[in-house]
Amino acid sequence: MKTKTAFAPVLNLPKGTKEAGFYSKAFGGIEEWCLRNDDDSIHVAQFNIGGAIFHVHELMPGSGDILPQGGVTTVIGLFVDDVHAVFDKAVAAGARAITPVTDHEYGWRQGELEDAFGHRWVIQKIL
């Protein structure tokens, strides 16, 4: 079977996180699987947003990985058909708006937000 090339970011979660339902509420993400620790916290889980796969993973001591608290580790771009609807749904689910949805002179509609765990997302569409 041929594997399709894809980009699957890993978003770090604080150790002890038991719920990552924000991604389902905000973006309609489907949790495809989740491996849990003995205390029922999330070790790693895979989400799918319209075919785009990403993982959430607990922060592991000694890994060198960091959480986005107090800064930005990366910005995830999510392309959707209705930027306003997805942006507003994410804010209603607990995201913090960074920049409002705006049509830019370079031909893109974009709005930036910070998710419930501090990760930055640009919700966008090419006009």
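Residues numbered from 1 in each chain as written. Predicted model: local features only at pLDDT ≥ 70, side-chain atom pairs only at ≥ 80, totals over all residues. Heavy atoms only, no water.

Undergrad: Would you take a moment to explain unusual backbone geometry for this structure?
TA: What you tend to see is this: most non-glycine residues have negative phi, and most peptide bonds are trans. In this structure, Asp 40 takes a positive phi of about 75° despite not being glycine. Of note, Asp 40 is situated in the loop between strand 2 (30-36) and strand 3 (42-49). We classify Asp 40 as partly exposed; its relative accessible area is 45%. (Helix = DSSP H or I, 4+ residues; strand = E, 2+ residues; numbered from the N terminus. Buried < 20%, exposed > 50% of the residue type's maximum accessible area, 1.4 Å probe, protein only.)

Undergrad: Sorry, what's going on with the sheet that holds strand 2 here?
TA: Whenever strands of a sheet pair, they do so through backbone hydrogen bonds, lying parallel or antiparallel. Taking strand neighbours across the sheet as the criterion, the four strands line up as 1-4-3-2 in an open arrangement whose pairing is mixed. Of all the strands in the sheet, just strand 1 (10-13) and strand 2 have a single pairing partner and so form its edges. Taking the axes of each pair of neighbouring strands and ignoring which way they run, one obtains an average angle of 20° across the sheet. Summarising the sheet, strand 2 and strand 3 pair through six bridges and their orientation is antiparallel. Its bridge partner lying in strand 3, Leu 35 is registered against Val 44. (Pairing = 2+ DSSP bridges. Axes fitted to C-alpha atoms, helices over the stretch in contact; angles between N-to-C directions.)

Shape descriptors only; they carry no functional weight alone.
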